[in-house]
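# Notes for the structure review
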Amino acid sequence: MSERKPLIAVPADTRLLGHHWFHAAGEKYLRAVAEAAGGLPLVVPAMAEAVEIDALLERVDGLLFPGSPSNVEPALYGGPPSVEGTLHDPARDALSLPLIRAALDRGVPLFAICRGLQEVNVALGGTLHQRVQEIPGMQDHRENPDLPVEAQYGIAHEVTLVPDGLLDALIGRPRIAVNSLHWQGVDRLAPGLRAEARADDGLVEAFTLPDAPGFNLAVQWHPEWMVHDNPDSVTLFEAFGEACRQRSRGD
Ligand SMILES: N[C@@H](CCC(=O)NCCCC(=O)O)C(=O)O
C-alpha cells in the first residue's frame, strides 16, 4: 500500500472580492507543497474564531506560512503605525501568530516564507523594520514592479549561511543566491531564534528556533517560485516534506 501523503496546512490571506470576503492561498505555495514537499495541501481559512488550533494541529502533519503583499500589523510588535495605504490582513495575523506558537510548542513541522518569516519573528516577540530600503546602509530588498514577473522573482542577491546551522547542513555551501521581494525585514530577532542566513547588509534572511522539538525554518526569500528550477529550493521543500512524512508516520 502506498504511504499516506502528509497533510500540510497553508493559512490563507483574506481578500475582499466585490462585497464578499474570500480566503485564498497563492498557487505557487500550494504547488510547491504538493510537488516538492510531496504533501497534500490544505488551505486553512483565516478565521481565528472558527479554527480550533489544537484540533487543527492534531490533524495536520505540517504547516507552511506563505508570503503575502500584506504587512503584519505593527501594533503586534510595538511598532509605529504603518504609513497610510499600507495593506494589512488582521484576520491572517489573528490566526497565524497563535498557530505559529502552538505548532512550534508541539513540534509540528513548520516552514515560513517572506511574510511567514516576519510572522514567526513577531509571534515569538521580535520586531520588524517596516521599510528596510530607507535605513542607511541597507540594501533595497524590493522587487521592481515594472519588470515582468519572471524578472521580479529572479535572483536578486546572495546570502551567507551561518556555519553549523540547519541551512548550512541542508545546503552545504557558504553562500547562495536568492530572490527578494519585501519591504519589511527582521529588526530585533525574537528570543530563542537563531539566524541561519544574512544578506550582505546584515539583514537576517533565514532563522530557526533550535530548541523547538520539530523541524522549523523561516526564509525571507521565495523558494516556492519555480521551485523545480532551483536545486536549493527543492532541498528546502524536500527537507520540510520529509519532516512532515515522519510526523505523519508517527516516527
Ligand atoms: N509584505 C511583506 C511581506 C512580503 C511578501 O511576503 N511578499 C510576497 C508577495 C506575494 C507572493 O509572492 O506571495 C513585505 O513587504 O515585507
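This one's a predicted model, so the numbers in the text were calculated from it and none came from an experiment.

## A look at the nonpolar core
Counting 62 residues, the largest nonpolar core has Ile 8, Leu 63 and Phe 240 as its most contacted members. With sequence-adjacent residues up to four places away left out, Ile 8 is seen in contact with Val 33, Ala 37, Gly 39, Leu 40, Pro 41, Leu 42, Val 60, Asp 61, Gly 62, Leu 63, Leu 64 and Cys 244.

## Comments concerning the pairing of strand E8 (residues 157-161)
Note: E8 against strand E9 (residues 175-178), four bridges, orientation antiparallel. Note on E9: the bridge partner recorded for Glu 158 is Ala 177. With three bridges joining them, E8 and strand E11 (residues 194-199) adopt antiparallel strand pairing. In the sheet register, Thr 160 faces E11, and the bridge partner there is Arg 198.

## Points about the packing of helix H3 (residues 90-106) against helix H4 (residues 115-123)
Interaxial distance between H3 and H4 falls to 9 Å at its minimum, and their mutual angle equals 70 degrees. Taken together, H3 and H4 sit at an angle that is classed as roughly perpendicular. In this structure, H3 contributes Ser 96, Leu 97, Ile 100 and Arg 101 to the contact, and H4 contributes Glu 119, Val 120, Val 122 and Ala 123. Of the residues belonging to the contact of H3 with H4, the class tally is five nonpolar, one polar and two charged.

## A few points about the site of the ligand
As a matter of local geometry, the ligand sits amid 14 residues, with Gly 67, Cys 114, Arg 115, His 182 and Gln 184 nearest to it. By residue class, the composition of the shell around the ligand is five nonpolar, eight polar and one charged.

## Quick notes on the sheet that holds strand E13 (residues 216-219)
Strand order in the open sheet formed by nine strands is E4-E1-E5-E6-E13-E12-E11-E8-E9, and the pairing between neighbours is mixed. Single-partner strands in this sheet number two, and they are strand E4 (40-44) and E9. Strand-to-strand twist of the sheet, defined as the mean angle between neighbouring strand axes without regard to direction, takes the value 20 degrees. Its contacts with the sheet put helix H1 (residues 27-36) on strand E1 (7-11), E4 and strand E5 (62-65), and the angle it makes with E1 is roughly 165 degrees. Relative to the sheet, helix H7 (residues 231-249) contacts E1, E5, strand E6 (110-113), E9 and E13, its axis offset from that of E5 by approximately 145 degrees.

Cut-offs and rules
Residues numbered from 1 in each chain as written. Predicted model: local features only at pLDDT ≥ 70, side-chain atom pairs only at ≥ 80, totals over all residues. Core = buried A, V, L, I, M, F, W, Y, C linked by C-beta atoms within 7 Å. Buried ≥ 20, exposed ≤ 12 C-beta atoms within 10 Å, placed from the backbone. Contact = placed C-beta atoms within 7 Å. Pairing = 2+ DSSP bridges. Helix = DSSP H or I, 4+ residues; strand = E, 2+ residues; numbered from the N terminus. Axes fitted to C-alpha atoms, helices over the stretch in contact; angles between N-to-C directions. Parallel < 35°, antiparallel > 145°, perpendicular 65-115°, else oblique. Nonpolar A, V, L, I, M, F, W, Y, C, P; charged D, E, K, R; others polar. Near = placed C-beta within 6 Å.

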